[in-house]
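# Topology and contacts: notes
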Amino acid sequence: MFVKRCLLPTLLGLSVVAPAFAADYPSALRGRYAYSGGDCSAPGLVIEQSRRFNDVDATCTARSATGTASRLVVEERCNREGREWSQKAVFELDGGTLRLTEGRDTATFRSCTAGAGSAAKVPATPAATPSRPPAPAKGAAVVNCKVSPGQAGVTTFLDSGLVRSGNAVRDFDGYTFRATGRIQVKKMEVLVGQLVRADGTVSEPKSWAMADEWDCR
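Residues numbered from 1 in each chain as written. Predicted model: local features only at pLDDT ≥ 70, side-chain atom pairs only at ≥ 80, totals over all residues. Heavy atoms only, no water.

## Here we look at the pattern of salt bridges
Rules: Put simply, a salt bridge is a Lys or Arg side-chain nitrogen that is within 4 Å of an Asp or Glu carboxyl oxygen. Going along the chain from the N terminus, every DSSP run of H or I of four or more residues is numbered as a helix, and every run of E of two or more is numbered as a strand. Each residue is assigned to one of three classes by its accessible area relative to the maximum for its type, calculated with a 1.4 Å probe on protein chains only: buried under 20%, partly exposed between the two thresholds, exposed over 50%.
In this structure the tally under the stated criterion is 10 salt bridges. Among the salt bridges present, the one from Glu102 reaches Arg52, with a minimum N-O distance of 2.8 Å. With a gap of 50 residues between them, Glu102 in strand β7 (residues 97-102) and Arg52 in strand β3 (residues 52-54) connect regions that are remote in the sequence. With respect to burial, Glu102 and Arg52 carry one shared label: buried.

## Re the nonpolar core
Heads up, the rule is: Nonpolar cores are built from buried Ala, Val, Leu, Ile, Met, Phe, Trp, Tyr and Cys residues. Side-chain atoms within 4.5 Å join them into one set. Note on contacts: a residue pair qualifies if any of its non-hydrogen atoms lie within 4.5 Å across the two residues.
Counting residues in each nonpolar core, the largest one holds 27 residues, and the members touching the most others are Leu29, Ile47, Phe91, Leu98 and Phe109. When near neighbours in sequence (up to four residues on either side) are disregarded, Ile47 contacts Tyr25, Leu29, Arg30, Gly31, Tyr33, Arg52, Phe91 and Leu98. Judged by nonpolar contacts, the second largest core, of 12 residues, contains Cys145, Val147, Ala179 and Leu191.

## Observations concerning the packing of aromatic side chains
Rules: Aromatic rings from Phe, Tyr and Trp, with only the six-membered ring used for Trp, were paired whenever their centres fell within 6.5 Å, and each pair was classed as stacked if the ring planes differed by under 30 degrees, edge-to-face if by over 60, and tilted otherwise.
Enumeration according to the criterion identifies four aromatic pairs in this entry. Centre to centre, the rings of Phe177 and Trp214 are 5.6 Å apart; their planes meet at 55 degrees, and the pair counts as tilted. Here Phe177, found in strand β12 (residues 176-185), pairs with Trp214, found in strand β15 (residues 214-216); they are 37 residues apart in sequence, far enough to count as distant. Each of the two residues, Phe177 as well as Trp214, counts as buried.

## Here's the deal with the state of the cysteines
Structurally, a disulfide amounts to a covalent bond that connects the sulfur atoms of two cysteines. Rule in force here: In this description, the term disulfide denotes a pair of cysteine sulfurs within 2.5 Å.
Summed over all chains, the structure comprises three disulfides. Note that Cys60 is cross-linked by a disulfide to Cys78, the S-S spacing being 2.1 Å. Note on the Cys60 and Cys78 pair: the S-S dihedral is about 110 degrees, so by sign convention the disulfide is right-handed. Remark: Cys78 occurs in strand β5 (residues 71-80) and Cys60 occurs in strand β4 (residues 59-68); sequence separation between them is 18 residues. For the pair formed by Cys60 and Cys78, the shared burial category is buried. Each sulfur of the disulfide joining Cys145 and Cys216 lies 2.0 Å from the other. Its S-S torsion of about 105 degrees marks the bond between Cys145 and Cys216 as right-handed, since a negative value means left-handed. Of this pair, Cys145 sits in strand β9 (residues 143-147) while Cys216 sits in strand β15, and the two are 71 residues apart along the sequence.

## Thoughts on the sheet that holds β7
Sheet strands pair by backbone hydrogen bonding; their relative direction is either parallel or antiparallel. As a reminder of what qualifies: When DSSP finds two or more bridges between a pair of strands, those strands are recorded as paired. The angle between two axes is taken between their N-to-C directions and runs from 0 to 180 degrees, where each axis is a line fitted to C-alpha atoms and a helix contributes only its stretch in contact.
The strand order around the closed barrel formed by eight strands is β1-β2-β3-β4-β5-β6-β7-β8, and the pairing between neighbours is antiparallel. Ignoring strand direction, the axes of neighbouring strands in this sheet form an average angle of 30 degrees. When β7 meets strand β8 (residues 105-111), the two strands line up antiparallel, connected through six bridges. The residue bridging Thr97 from the neighbouring strand is Arg110, located in β8.

Dropping the structure here:
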C-alpha cells in the first residue's frame with residue numbers, strides 16, 4: 001500500500017507535465033512558394049520551421065510528420081479567422097516544384113528560393129513559346145468587376161484549378177473583383193485578381209472567378 005501511495009503522485013505528475021510537442025517542417029521544405037505562373041512578390045505559401053501560412057490567412061502547425069521532403073505526410077492543426085480544424089496534408093517536393101494536397105484539394109507551387117531549378121525556368125517560358133499569351137505581368141492594368149445584375153449569387157475560388165471555393169457573392173453585396181488578367185480553365189474563361197469588400201478591404205488577396213458571371217469595366 002505504501003508503494004502504491006508513493007508511485008501514484010509521481011505518475012500523475014508525469015502525465016501533467018508531458019507536453020504534446022509539435023513537429024517541425026523539414027528544412028528542405030521551408031521557404032516561400034508562388035503558384036505556378038504566379039509572382040513571388042506575393043507568395044501563395046510560406047513554410048517556416050514550426051508553422052506555415054497561405055495567401056488567404058490560414059495558418060497551420062505540424063503535430064506529427066512521417067516520410068521525407070520528397071513526400072511528407074503531416075497531421076496539422078490549422079486556423080483561419082477564428083475557425084480551427086485538424087487535417088492531413090501531403091507535401092511532395094520535386095526540385096523546385098511543390099505539390100500540396102489538403103483533403104481533396106491539390107495545388108502546385110514553385111519555389112521562390114534563388115537558384116531553384118523551377119524558378120530559373122519560369123522567366124524563359126514565354127520566350128520559348130511566343131505564340132502563347134504571357135501570364136499577366138506585375139503592374140498590369142486592373143479592371144474592376146461587379147457581379148452581373150440579376151445574379152442570385154456567384155462563387156469565387158481560392159486556387160487556379162477552381163477546387164477551393166471562396167466567398168459566395170450576390171449582386172447587391174457591394175463586392176468588387178479587381179481583375180489583373182484572364183486565364184483558360186477547362187475551356188472556361190476565368191478572371192484572376194483580388195476580391196474586395198464594399199469598404200475597400202481585401203477579402204481574398206488571390207482569387208479566381210468565372211468571367212461570364214461578372215461585369216467588368
